[in-house]
Amino acid sequence: MIDGEVVINPTRKEMSSSTLDLVVTGAPRSQVVMLEAAAENILQQDFCHAIKVGVKHTQQIILGIQQLVKDHGVAKREVQKFFTAPEEIVECAKQIASEKIAAVFSDFSHDKISRDEAINKLRLESEEQLKEKFPEAEPYEIMESFNVVSKEIFRNLVLNEYRRCDGRDLTSLRNISCEVDMFKTLHGSALFQRGQTQVLCTVTFDSLESSVKSDLITTAISGIKEKNFMLHYEFPPYATNEIGRITGINRRELGHGALAEKALKPVIPQEFPFTIRVTAEVLESNGSSSMASACGGSLALMDAGVPISSAVAGVAVGLITRPNPEKNGDIEDYRLLTDLLGIEDYHGDMDFKMAGTNKGITALQADIKLPGIPLKIVMEAIQQATVAKREILQIMNKTIAKPRASRKENGPLVGNTQHM
């Protein structure tokens, strides 16, 4: 977006003066498959307009692809579905376990671990009974039958009863708590907790010479030679109550860190005398840890005295749909869920992460698991995320509303020396 105008397929030169970097993947009938965006705090209406323009242009490309297929007369290959559960075993699993599964998902006293343990206990009991009734069945058919029943019950509770497994309504946030200045020896620190997602963010300053120097190819592609703001996201196994080796960064950590960095980058001052490194360490996770990292990072930067232009908050919005049995690919009904839980992401159809300030949007990433969703749902998700984002910012502002007037005493200093 340059001077308020949406530019399709911009050049690198045009991108250097753009306030929005948006990738839209579309499907036939103006459906949205994927969204990824970094923005300079642009307004919601401008952002929505850019998505609509992007989807419109995807339709022209799709028409070209369809014409190419027609000209060559090639039929698309049908992908054979593996690991599908036989209907008779699924029906038996429903009779055995439906009521018990529904009771677990309706018990709001459960937290993530106790809920998972209760469902796993039911899984083992049900699988034993199914093995007795279907001795010839493959192990994956037994396992998948229970999964199908469990997923269907979970989704139907949301669709039919507007009920979530932790007792919240569809637009409520989990309990949020924030702390800053937790470690006096650090240049800046903050702890952000939302439900059972907890992220510790720290800020470290170093000289401008310590900025990340890009190689020639990265510089040619991105136009960035040196990077003096970076966010490193860490997700150790204990965050999900597991054990495992802590090795090098993986693809998931890289992606989540890049998203949180994109969320915060627009508010970082251009002229700052130090290189800034934010580390977001996920101590506990139950959904939306990248957006919690954006919130915690914003608090830690303010605690460190970095004069950011505005506080940043992020939230994930989920989706559960009911397909239309008469029209393949159409959605008959749907529910959007504010502040997504891990299990809602697992059983749901979308993880729509959006971050920004009180004024606008700085980053967005939509992980859509369906072949495509209508623009109407995307626009509603943006609106729902905007309302939640403002609510989170109000809570964060109670802990620290603006950057500290001065940096901490143990931070580095910039001095001028004069030769006589």
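Residues numbered from 1 in each chain as written. Predicted model: local features only at pLDDT ≥ 70, side-chain atom pairs only at ≥ 80, totals over all residues. Heavy atoms only, no water.

Undergrad: Would you take a moment to explain the overall build of the protein chain for this structure?
TA: In terms of regular secondary structure, the protein chain is built from ten helices and 14 strands. The C-alpha radius of gyration computed for the protein chain amounts to 24 Å, which stays within 12% of the reference 22 Å derived for 420 residues, consistent with globular compactness. Counting only C-alpha atoms, the protein chain reaches 95 × 55 × 35 Å along its principal axes. The buried share among the 420 residues of the protein chain stands at 46%. In the protein chain, of all internal contacts separated by at least 6 residues, the share reaching a separation of at least 24 is 72%. Surface exposure of the protein chain reaches about 22,800 Å², of which carbon and sulfur atoms provide 52%. Taking the 48 positively charged and 56 negatively charged side chains of the protein chain as two groups, their mean positions are separated by 5 Å. (Helix = DSSP H or I, 4+ residues; strand = E, 2+ residues; numbered from the N terminus. Rg over C-alpha atoms; globule rule 2.2 N^0.38 Å. Buried < 20%, exposed > 50% of the residue type's maximum accessible area, 1.4 Å probe, protein only. Contact = heavy atoms within 4.5 Å. Areas by Shrake-Rupley, 256 points an atom, 1.4 Å probe, with all protein chains shown as cover. Lys, Arg positive; Asp, Glu negative; His and termini not counted. Charge placed at Lys NZ, Arg CZ, Asp CG, Glu CD.)

Undergrad: What is the right way to look at the sheet that holds strand E3 (residues 176–180) in this model?
TA: By way of backbone hydrogen bonds, the strands of a sheet pair with one another, either parallel or antiparallel. Spatially, five strands are ordered E3-E4-E5-E9-E8 in an open sheet, and the strand pairing comes out mixed. Where the open sheet ends on each side, the last strands, each with one partner, are E3 and strand E8 (229–234). Averaged over all adjacent pairs, the angle separating strand axes in this sheet is 15 degrees, with direction ignored. Set on the sheet, helix H8 (residues 289–303) makes contact with E3, strand E4 (188–194), strand E5 (197–206), E8 and strand E9 (275–284); between it and E4 the angle comes to about 145 degrees. (Pairing = 2+ DSSP bridges. Axes fitted to C-alpha atoms, helices over the stretch in contact; angles between N-to-C directions.)

Undergrad: Please clarify how H8 should be interpreted in this entry.
TA: Structural remark: α-helix, 3.6 residues per turn; residues separated by three or four positions point the same way. Along its 15 residues, H8 runs 20 Å from first to last C-alpha, staying within 8% of the 21 Å computed at 1.5 Å per residue. Among the 15 residues of H8, 15 are classified as buried, and the element is accordingly described as predominantly covered. At the C-terminal side of H8, Gly305 shows a positive phi close to 80 degrees. (Expected span 1.5 Å × (residues − 1).)

Undergrad: Help me understand the layout of surface pockets in this model?
TA: To locate leftover empty space, one rolls a probe as large as a water molecule over the atoms. Looking at the second largest pocket, its volume works out to about 910 Å³. Every residue lining the second largest pocket is counted, 26 residues in all, and those nearest its centre are Lys151, Arg155, Pro323, Asp349 and Leu370. Taken together, the elements giving at least two residues each to the lining of the second largest pocket come down to helix H5 (139–161), strand E10 (313–323) and helix H9 (342–347). The element best represented in the lining of the second largest pocket is H5, accounting for eight residues. Split by residue class, the lining of the second largest pocket holds nine nonpolar, eight polar and nine charged. (1 Å grid on protein atoms, 1.4 Å probe; cavity = no way out; pocket = protein on both sides within 12 Å on 5 of 7 lines; lining within 4 Å. Points joined across faces, edges and corners; volume = space filled by probe spheres on them. Nonpolar A, V, L, I, M, F, W, Y, C, P; charged D, E, K, R; others polar.)

Undergrad: Looking at this structure, how should I read the packing of helix H3 (residues 87–105) against helix H4 (residues 112–133)?
TA: Helix packing for two helices is described by the angle between their axes and how far apart those axes are. Where H3 contacts H4, the two axes come as close as 10 Å, and the packing angle between them is 160 degrees. As far as their axial angle goes, H4 and H3 are roughly antiparallel. In terms of crossing hand, the pair formed by H3 and H4 is right-handed. Contacts between H3 and H4 involve Ile89, Cys92, Ala93, Ile96, Ala97, Lys100, Ile101, Val104 and Phe105 from the former and Arg115, Ala118, Ile119, Leu122, Glu125, Ser126, Gln129, Leu130 and Lys133 from the latter. For the contact of H3 with H4, the residue count by class is twelve nonpolar, two polar and four charged. (Parallel < 35°, antiparallel > 145°, perpendicular 65-115°, else oblique. Left-handed = near helix turned anticlockwise from the far one by under 90°.)

Undergrad: For this particular structure, what's the right way to read the side chain of Gln198?
TA: Tracing the chain through its elements places Gln198 in strand E5. Here Gln198 falls in the buried class, since its relative accessible area comes to 18%. In this structure the side chain of Gln198 is engaged in a polar contact, spanning 2.6 Å, whose partner is the side chain of Gln193. With residues up to four places along the chain from it excluded, the contact list for Gln198 reads Leu191, Phe192, Gln193, Glu281, Val282, Leu283 and Glu284. (Polar contact = N/O pair within 3.5 Å; in protein donor to acceptor, adjacent residues only side chain to side chain.)

Undergrad: So what exactly am I meant to see when it comes to unusual backbone geometry here?
TA: For residues that are not glycine, phi is negative in most cases, and the peptide bond is trans in most cases. Backbone geometry places Asn41, a non-glycine residue, at a positive phi of 55 degrees. Mapped onto the elements of the fold, Asn41 is located in strand E2 (residues 31–42).

Undergrad: Sorry, what's going on with the packing of H4 against H5 here?
TA: Two elements in contact, H4 and H5, have axes whose closest approach is 10 Å; the angle formed by their N-to-C orientations is 130 degrees. In this view, H4 runs oblique relative to H5, as classed from their interaxial angle. The handedness of the crossing between H4 and H5 is right-handed. Each of Ile119, Leu122, Arg123, Ser126, Glu127, Leu130 and Lys131 in H4 lies in contact with H5, whose residues at this interface are Ile142, Met143, Phe146 and Asn147.

Taken by themselves, the reported measurements are silent on function.
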